[in-house]
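# Observations on the three-dimensional arrangement
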Amino acid sequence: MKPRIAFALILFLVAAAAAAASPSASLGLLVDSASAEAARDGLRVLGATPGSVADRLGLRPGDVLVDVNGTALANLGADANGRALAATTLNASIADLAPAAPLRLRVLRNGTLLAMNVPLQTAAAAASVTAADGVVDSPSGSGCGRISTFDVAPRSEHLYRAKILLLDGATPGPTGTPSFRVSAGTHKLLVAEDIPTQEMGVGPIASLRSRRDTSKALTVTVKPDTTALLAARLNTDKAADFAHGAYWDPVVWREIPENCR
Amino acid sequence: MSEHESNFLDLAARLPASVAAHVPPADLWPRIAATHRRRRRQRRWRRLLAGGSALALIVALGLAANNWRHAATPAIDWQARAQALELQLDSLPTPTANDPLAQLAESELAHLDGNLQAAYDRGAVSRDLDPLWQRRSELLDALLSLRRQQVLSSRI
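Here the residue numbering is sequential within each chain, running from 1 through the sequence in written order. Think of it this way: whatever chain is written first is A, whatever ligand is written first is 1, and the rest follow in order. Only residues with pLDDT of at least 70 are given local features in this predicted model, and only at 80 or more are side-chain atom pairs given and counted; all residues enter the totals for whole chains, interfaces and linings.

### What to know about the overall build of chain B
Spelled out, the test is: Runs of H or I in DSSP of at least four residues are treated as helices and runs of E of at least two as strands, each being numbered from the N terminus. Any residue with 12 or fewer other C-beta atoms within 10 Å of its own C-beta is exposed, any with 20 or more is buried, and the rest are partly exposed; the C-beta atoms used are placed from the backbone.
Along the backbone of chain B there are five helices and zero strands. Counting from the amino terminus, chain B carries its helices and strands in the arrangement α-α-α-α-α. Evaluated residue by residue, chain B yields a buried proportion of 23% over its 156 residues.

Printed below as a string of structure tokens:
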């Protein structure tokens, strides 16, 4: 399987897993469903996932959804669990929509009522474009690539921020830079972890005392026009083993094709 | 017989009676031992009390320092920060070509938003919500810096 197909497939699977949560979440819409009180005037939008259908529709934090496909969302009260019934109504409305049917929303933004109307399929297609394009072909042979500590690693896989202390024996600079351009080939790194203490399952004092000098060496082979993404993997079964540093490992969790020039 | 000799004989005659009169009572040694034990116990208690007080003082100072540190660094409203970052992101032009790193950030955001919505749906408290908003804020920060780089490089 070609790397870019695999990459697109992984992104699709991640998006599909997120979509399994709820119909509104599958649109990338984050709403305050916690209580009927919060949804008295309508369903408050807490966020729209960048690149999602909700984002393409133009929804943004602070918006209040007052109507979905003709069904009012204000003053609906609470459901059996005490949550906002408006959220259940929104989810039911989205779930009932036929693929080509339009999603019509009336949104209150800064006191102004806006109408948003888009066929769900069109919005979804526009959003999914982002998952397929932008991949660069990787030429073989010598060249350059990147090593990056850019912290977008999935926390569900216990991957956290890592810091490169030494890159081929030298301090990489400037400080705070997440990506370093390197020649294609093998590089020796000294890596430190930046795992939040609350994820360790031990007290902050124990953590502070024991986590000194737990940097680890890692050899990375960088392919041309490829970025190797580095992270610190928390070994949850050895989370308290500070003495031998077994609680974490530096890993290259993903290689992405990216023109390094 | 000299006067000294007479005194000596007199003293010698009296001595056994005097010594017999000063034989310590039978319970003297147990009383001494009991006093010694009591004093030792008192010293031990004083040491323990002093140690305990010092420990309590250290703990109190540590807690005070921790409280002071927390008071000095105001709590971050991660939800407000994430929402502000999202609005900043919206204000940037839509990228023409998508950066693979940005795609990873977006897919992690999609996953996180699913978890965040599920947390709201089950009525999670702010202690559970805050770490999710913090992570959302970090990811939006990362995405924003990538988009800004893209905008800059497209202008050059």
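Now, onward.
### Digging into the overall build of chain A
Our working rule: Throughout, a pair of residues is in contact if the C-beta atoms placed from their backbones lie within 7 Å.
Of regular secondary structure, chain A possesses six helices and 14 strands. Every one of the 261 residues in chain A was classed for burial, and the buried ones make up 36%. Partitioning the intrachain contacts of chain A with sequence separation of at least 6 by distance along the chain shows that 67% fall at a separation of at least 24.

### Quick notes on helix α4 (residues 85–96) of chain A
Selection criterion: By definition here, a helix of n residues has an expected span of 1.5 Å times n minus one.
In a regular helix each residue adds 1.5 Å, so 12 residues correspond to 16 Å; α4 of chain A covers 16 Å between its end C-alpha atoms and thus fits that length. Turning to α4 of chain A, its buried residues number three or more, namely L85, A86, A87, L90, N91, S93 and I94 of chain A. On its buried side, α4 of chain A packs onto α2 (23–26), β1 (29–31), β2 (43–48), β3 (64–68) and β4 (71–72) of chain A together with α4 (100–121) of chain B.

### Structural notes on the nonpolar core
Most often, soluble globular proteins have nonpolar side chains that are buried together. Stated formally: Definition of nonpolar core: a set of buried Ala, Val, Leu, Ile, Met, Phe, Trp, Tyr and Cys residues joined via C-beta atoms within 7 Å.
Core analysis: the biggest nonpolar cluster contains 72 residues, and L29, L43, L65, A86 and L90 of chain A together with A105 of chain B have the highest contact counts within it. Looking at this core, the element that brings in the most residues is α4 of chain B, giving nine residues. Setting aside chain neighbours within four positions, we find A86 of chain A in contact with A39, G42, L43, L73 and L76 of chain A.

### Examining the interface of chain B and chain A
A common way to state how big an interface is: give the accessible area lost once the parts meet. So the rule is basically this: In the scheme used here, Gly and all other residues not listed as nonpolar or charged are polar, with Ala, Val, Leu, Ile, Met, Phe, Trp, Tyr, Cys and Pro taken as nonpolar and Asp, Glu, Lys and Arg as charged.
Taken together, the contact between chain B and chain A spans 33 residues of the former and 39 residues of the latter. Secondary-structure elements contributing two or more residues to the side of chain B that touches chain A are α3 (78–91), α4 and α5 (126–155) of chain B. The dominant element in the side of chain B that touches chain A, judged by the number of residues it contributes, is α4 of chain B, at 18 residues. Residues belonging to the side of chain B that touches chain A are distributed by class as follows: 16 nonpolar, eight polar and nine charged.

### Quick word on the sheet that holds strand β12 (residues 216–222) of chain A
Residue and element names in this part refer to chain A. To be explicit about the condition: Note: two strands are recorded as paired if DSSP finds a minimum of 2 bridges between them. What counts as an axis is a line fitted to C-alpha atoms, over the stretch in contact for a helix, and the angles between N-to-C directions run from 0 to 180 degrees.
On the basis of which strands lie adjacent, the open sheet formed by three strands has the order β9-β11-β12 and antiparallel pairing. One side of each edge strand has no neighbouring strand; the edge strands of this open sheet are β9 (162–167) and β12. Put simply, the sheet's adjacent strands are angled 45 degrees from each other on average, direction ignored.

### With respect to α4 of chain B
Between its first and last C-alpha, α4 of chain B extends 31 Å over 22 residues, near the 32 Å set by a 1.5 Å rise per residue. Buried residues dominate α4 of chain B, accounting for 19 of its 22 residues.

### Comments concerning unusual backbone geometry
Residues and elements named next belong to chain A. The phi torsion at N69 lies on the positive side, around 45 degrees, for a residue other than glycine. As for its position among the elements, N69 is in the loop between β3 and β4. Using a count of 16 C-beta atoms within 10 Å as the deciding quantity, one classes N69 as partly exposed.

### Some thoughts on the confidence of the model for chain A
All names here are of chain A. In plain terms, the rule: Across the chain, each position has a pLDDT score giving the predictor's confidence in that residue, from 0 to 100.
Overall, the predicted model of chain A reaches an average pLDDT of 80, with 79% of residues at or above 70. Looking across chain A, the model is least confident in helix α1 (residues 3–19), with a mean pLDDT of 44, and most confident in β2, with 95. Taken as a whole, residues 5–20 scores under 50 in pLDDT and shows 22 contacts with residues more than four places along the chain or in a different chain. Every residue in residues 127–141 scores below 50 in pLDDT, and together they form 38 contacts with partners more than four places removed in sequence or on other chains.

### With respect to the environment of T49 of chain A
Along the chain, the position of T49 of chain A falls in the loop between β2 and α3 (53–57). Note: C-alpha distance between T49 of chain A and L29 of chain A (20 residues apart in sequence) is 6.6 Å.

### Side note on the pairing of β2 of chain A
All names here are of chain A. Counting buried positions over the six residues of β2 gives six, a clear majority of the element. Across three bridges, the pairing between β1 and β2 is antiparallel. When the bridges of β2 are listed, L29 appears paired with A48. In the sheet, β2 pairs with β3 via two bridges, with the strands oriented antiparallel. Pairing of L43 across the sheet is with L65, part of β3.

### Side note on the environment of L144 of chain B
All names here are of chain B. Position of L144 among the secondary structure elements: in helix α5. Separated by 59 residues in the primary sequence, L144 and L85 place their C-alpha atoms 7.5 Å from one another. Residue contacts for L144: discarding those within four places in its chain leaves L85, Q88 and L89.

### Quick notes on the confidence of the model for chain B
The predicted structure's coordinates, where accompanied by low pLDDT, should not be read in detail. All names here are of chain B. Per-residue pLDDT for chain B averages 85, and the proportion of residues at 70 or more is 86%. Of all helices and strands in chain B, the one with the weakest mean pLDDT is helix α1 (residues 3–21) (68), whereas α3 scores best (94). Taken together, the chains of this predicted complex give a pTM of 0.68 and an interface ipTM of 0.73.

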